[in-house]
Amino acid sequence: MSVTAYVMVKANTGEADRVKTALDDTDDVVEAHIVAGDVDFVVKVETDSPGDVKRVVAGDIRSMSGVERTQTYIAMDD
Amino acid sequence: MSADFDVIRGSTGDHHPRASGWGQLFYRDLSYQARMRFVIVGAGRVGLRTARVLREEGHEVVLVEGHDDQATRVRDAGFDCVEGDGSREELLVEAGVENADALGALTGDLNTNFAACLIANHHDCRTVMRIDEDYREGIYQKYADEVDEIVYPERLGAIGAKNALLGGNLQAIADVAEHLQVVLFTITDDSPMKGYNLSEVTLPSQARVLAFGKAGGPMGVPLPDDSLETGDRVAVLADFDVLGDVRQLLLGRSAEETAAAAVEG
């Protein structure tokens, strides 16, 4: 079972390029974009299970320097 | 920020209303400027105050405000106000974005501000966007092509608060670029240049006198025969490297003190 999730990432650093590179280099992250608005990145994650989403978001993304908080939305139509 | 230099050029006729961050210093120099049209999105503390300053300088301002009680206050203050969501194109068109010289997206909501700038940019309107956290300044400068200028009101407030706390005869007014600052000096009895004319003040090559004001009088365009007396104020644009020399010349104090005061300008 494959799971797709969209993760809204709020940063607290101006080093957007560094964070984007770190996101791009993270396993199971398939897309990462710098966006305007009250979050700074939208990240698309594709994993084999819902548990892996938690590993990527809580483990990898939220532990990155410059990441303040995340909000995750799991896609239901695929 | 190159935009701030337009304020300086304002005294020679090539002008734009880009005085953000310069406080009242250039107010009089800009006051003759042609009447311009502005749309201000958000009539809170920042938006309404900006609208007042623009109106005082003779410009035409239309505000866009989403809260009906605030919109009523805006109209009571004599402003034109379009009521509704400032991120909707039809409202911005109603407010006159198609013929405006610039739009200021000054709400506290980043999404609204950015959307308003996108729409205004589409209508070939200059755009100024308020951001809510300082770390975002560099990100928007780099990535938000639709936004011409970014303002972070808290930074300007902090400069004012710092100047008030420091007091004294030197005020950092604005960071023009990373190594370039505008500093306002107040001439004291100890100033080495006291009693001299401005034409006799030889500043370092990386410094320029921008404005001059007699004690208690308004700031204006500096003239060669303006004499420096106690209480007069001189606004100088200077590279950080020569700020100490400028201070030494105008106030007679040490370079170290100047550098300490200039940090975090």
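Analysis parameters
Residues numbered from 1 in each chain as written. Chains lettered and ligands numbered in written order. Predicted model: local features only at pLDDT ≥ 70, side-chain atom pairs only at ≥ 80, totals over all residues. Helix = DSSP H or I, 4+ residues; strand = E, 2+ residues; numbered from the N terminus. Buried ≥ 20, exposed ≤ 12 C-beta atoms within 10 Å, placed from the backbone. Contact = placed C-beta atoms within 7 Å. Pairing = 2+ DSSP bridges. Axes fitted to C-alpha atoms, helices over the stretch in contact; angles between N-to-C directions. Core = buried A, V, L, I, M, F, W, Y, C linked by C-beta atoms within 7 Å. Nonpolar A, V, L, I, M, F, W, Y, C, P; charged D, E, K, R; others polar.

Visitor: Is there a simple way to think about the overall build of chain B in this case?
Guide: Looking only at helices and strands, chain B features ten helices and ten strands. A buried classification covers 38% of the 265 residues belonging to chain B. Of all intrachain contacts in chain B linking residues separated by at least 6 positions in sequence, the fraction that spans at least 24 positions is 53%.

Visitor: Which parts of the structure should I look at to understand the overall build of chain A?
Guide: For chain A, the count of helices and strands is two helices and four strands. Considering only residue pairs separated by 6 or more positions, chain A has 61% of its internal contacts joining residues 24 or more positions apart.

Visitor: Help me understand the sheet that holds strand 2 (residues 29–34) of chain A in this model?
Guide: By way of backbone hydrogen bonds, the strands of a sheet pair with one another, either parallel or antiparallel. Residue and element names in this part refer to chain A. With antiparallel pairing, the four strands of this open sheet are ordered in space as 2-3-1-4. Lying at the two open borders of the sheet, with one neighbouring strand each, are strand 2 and strand 4 (67–74). The sheet shows a mean angle of 20° between the axes of neighbouring strands, direction not considered. The pairing of strand 1 (residues 3–11) with strand 4 spans seven bridges and is classified as antiparallel. Bridge pairing in strand 4 places A11 opposite V67. Its contacts with the sheet put helix 1 (residues 16–24) on strand 1, strand 2, strand 3 (41–47) and strand 4, and the angle it makes with strand 2 is roughly 165°.

Visitor: Mind showing me how you'd approach unusual backbone geometry here?
Guide: Of all residues except glycine, most have a negative phi; of all peptide bonds, most are trans. The phi dihedral of D28 of chain A is positive, around 75°, even though this residue is not glycine. Take D28 of chain A: there are 17 C-beta atoms within 10 Å of it, and that puts it in the partly exposed class.

Visitor: Is there a simple way to think about the nonpolar core in this case?
Guide: As a rule of thumb, soluble globular proteins bury nonpolar side chains together. Residues and elements named next belong to chain B. By size, the foremost hydrophobic cluster in this structure holds 58 residues, and its most contacted members are V39 and L103. A per-element tally of this core places helix 6 (residues 110–122) first, with seven residues. In this view, V39 contacts V62, V64, L92, A95, G96, V97, A100 and L103; residues no more than four positions away in its chain are not counted. With 26 residues, the next largest nonpolar core counts M219, L228, A235 and L243 among its residues.

Visitor: Hey, could you run me through the sheet that holds strand 9 (residues 207–213) of chain B in this one?
Guide: Residue and element names in this part refer to chain B. Spatially, four strands are ordered 7-8-10-9 in an open sheet, and the strand pairing comes out antiparallel. Each having just a single partner strand, strand 7 (170–177) and strand 9 make up the two edges of the open sheet. Each strand of the sheet is rotated relative to its neighbour by a mean of 20°, with strand direction disregarded. One ladder, built from seven bridges, connects strand 8 (residues 180–186) with strand 10 (residues 233–239); its direction is antiparallel.

Visitor: Help me understand the pairing of strand 8 of chain B, please; the structure alone is not making it clear to me.
Guide: Every other side chain in a regular strand lies on the same face of the sheet, so the side chains alternate between the two faces. Residue and element names in this part refer to chain B. Note: strand 7 against strand 8, six bridges, orientation antiparallel. Each bridged residue has a counterpart across the sheet, and for A172 the counterpart in strand 8 is V183. Taken together, strand 7 and the strand that follows it, strand 8, pair antiparallel across an intervening segment of two residues.

Visitor: Looking at this model, I keep getting lost on the interface of chain A and chain B. Mind explaining?
Guide: Note: interface size is frequently given as the accessible area lost on complex formation between the parts. Taken together, the contact between chain A and chain B spans ten residues of the former and nine residues of the latter. The residue inventory of the side of chain A that touches chain B, partitioned by class, reads four nonpolar, four polar and two charged.

Visitor: Help me out: how do you make sense of the environment of E229 of chain B in this one?
Guide: Residue and element names in this part refer to chain B. Position of E229 relative to the elements: it lies in the loop between strand 9 and strand 10. Between the C-alpha atom of E229 and that of A215, which follows or precedes it by 14 residues, the distance is 7.8 Å. The residues contacting E229, other than those within four sequence positions of it, are I187, K194 and A215.

Visitor: In this structure, what is going on with the pairing of strand 4 (residues 102–105) of chain B? I would like to understand it.
Guide: Residues and elements named next belong to chain B. Burial along strand 4 is two-sided: A102 and G104 and L103 and A105, pointing in opposite directions, are all buried. In terms of strand pairing, strand 1 (residues 37–41) meets strand 4 through four bridges, oriented parallel. Bridge pairing in strand 4 links I40 to G104. As judged from the four bridges shared by strand 4 and strand 5 (residues 126–130), these two strands associate in the parallel manner.

Visitor: Teacher, can you tell me more about the environment of D60 of chain A here?
Guide: Assignment of secondary structure puts D60 of chain A in helix 2 (residues 50–61). Note: C-alpha distance between D60 of chain A and D27 of chain A (33 residues apart in sequence) is 8.8 Å.

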